[in-house]
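# A look at the structure
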Amino acid sequence: MAARQNRRPPGPANQKNEETMARLPYLDQKDLSPENKELLERPINLNRVLVNSPNCRRAGLKMAHFIRYQSRLDPRMKELAIMAIGWITRTPYEWSHHVILAKDFGVSDDDIRELINYIEGRPHKLDSKVTLAVDAAREMTKDIAMSKKTFDALHEFLNNEEMVDLIVTIAHYNAMIRVLGTLEVDIEEHYAPGLTKFPLPA
């Protein structure tokens, strides 16, 4: 099930008005107690709304840090699987961020174009390992669970640890797109170019 798309125009991260405002307030470091200020070292709008529950955001950041920096998965394959979730669910915030962040994990603009081609059923140039990871993301997003066929094919080249990492990564981002949609988190101005460069289908 696709998360509800936030169709409001993106605004600066510090802009607070009726046109660009999440369902809960965006907080800044000055709004937090001293022991919680570190939670906004990266003051993106998602973090700014989730720090309404500091303990929840602290727990979530640990998982996000693991996925991004500690997982043993191939970074490019992992990132393309994450981006597949944003495209399939038509989630502007997740997609726009990862169009920008993908470069840090070895994903090129050509890779993004080929990812879109593959998801949309057009000819593509992605390798079979990436397409299997994207299939896993598609199945877990649309059908809740990965099919046996995809699981077994992935397990041919991913060990048990990597299988768990991929499954949990896909599940984590499926959770986050539901958080983004429900809280109506706005895209920050400096991430908006990602959505302009590779717009989601209407």
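For the structure itself, look to the data block above.
Here goes a summary of the coordinates provided. These figures come from a predicted structure and were not determined experimentally.

Its boundaries defined by the atoms lining it, the largest pocket holds a volume of some 630 Å³. Around the largest pocket, the lining is made up of 25 residues, and of these R42, N47, R57, L61 and A64 lie nearest the centre. For the lining of the largest pocket, the elements supplying multiple residues, two or more each, are α1 (45-50), α2 (54-70), α4 (92-101) and α8 (160-183). The greatest single-element share of the lining of the largest pocket, amounting to 9 residues, is contributed by α2. Among the residues making up the lining of the largest pocket, the classes are represented as 11 nonpolar, 6 polar and 8 charged.

Judged by side-chain polarity, M63, V164 and V168 come together as a nonpolar surface patch covering roughly 210 Å² of accessible area. As for its placement among the helices and strands, V168 is situated in helix α8.

Turning to helix α6 (residues 128-142), a few remarks are in order. Side chains three or four residues apart in an α-helix point the same way, a direct result of the helix having 3.6 residues per turn. Across its 15 residues, α6 extends 21 Å between first and last C-alpha, which sits within 8% of the 21 Å expected from 1.5 Å per residue. Burial analysis of α6 places 11 of its 15 residues in the buried class, the great majority of the element. Three or more residues of α6 are buried, namely V130, T131, L132, A133, V134, D135, A136, A137, E139, M140 and T141. Against α3 (75-89), α5 (109-119), α7 (148-155) and α8 lie the buried residues of α6. Measuring from the backbone nitrogen of K129 back to the side-chain oxygen at the start of α6 gives 3.1 Å, which picks out D127 as the cap. Positioned one or two residues after α6, I144 has a phi angle of 75°, which is positive.

A separate point is unusual backbone geometry. Backbone geometry places I144, a non-glycine residue, at a positive phi of 75°. With respect to the helices and strands, the residue I144 is situated in the loop between α6 and α7. The exposed category is assigned to I144, whose relative accessible area is 68%. Located in the positive-phi region is E184, a residue other than glycine, with phi close to 55°. Given the relative accessible area of 17%, E184 is considered buried.

The next point concerns the environment of N47. For N47, the location among the structural elements is in helix α1. Residue class for N47 comes out buried when judged on its relative accessible area of 3%. With residues near it in sequence (within four places) discarded, N47 still touches L39, L40, R42, R57 and L61. Within polar-contact distance, the side chain of N47 engages the backbone oxygen of R42 at 2.8 Å.

This paragraph deals with the side chain of E114. Tracing the backbone shows E114 in helix α5. The buried charged residue E114 lacks any salt bridge partner; its closest oppositely charged side chain belongs to K125, at an N-O distance of 5.1 Å. Reaching out from E114, the side chain makes a polar contact with the backbone nitrogen of K125 at a distance of 2.9 Å. Not counting residues up to four positions away in its chain, the partners in contact with E114 are P123, H124, K125 and L126.

Cut-offs and rules
Residues numbered from 1 in each chain as written. Predicted model: local features only at pLDDT ≥ 70, side-chain atom pairs only at ≥ 80, totals over all residues. Heavy atoms only, no water. 1 Å grid on protein atoms, 1.4 Å probe; cavity = no way out; pocket = protein on both sides within 12 Å on 5 of 7 lines; lining within 4 Å. Points joined across faces, edges and corners; volume = space filled by probe spheres on them. Helix = DSSP H or I, 4+ residues; strand = E, 2+ residues; numbered from the N terminus. Nonpolar A, V, L, I, M, F, W, Y, C, P; charged D, E, K, R; others polar. Patch = residues over 30% accessible without salt bridge, like charges linked within 9 Å, V, L, I, M, F, W, Y side chains within 5 Å. Areas by Shrake-Rupley, 256 points an atom, 1.4 Å probe, with all protein chains shown as cover. Salt bridge = Lys/Arg side-chain N within 4 Å of Asp/Glu carboxyl O. Expected span 1.5 Å × (residues − 1). Buried < 20%, exposed > 50% of the residue type's maximum accessible area, 1.4 Å probe, protein only. Contact = heavy atoms within 4.5 Å. Polar contact = N/O pair within 3.5 Å; in protein donor to acceptor, adjacent residues only side chain to side chain. Lys, Arg positive; Asp, Glu negative; His and termini not counted.

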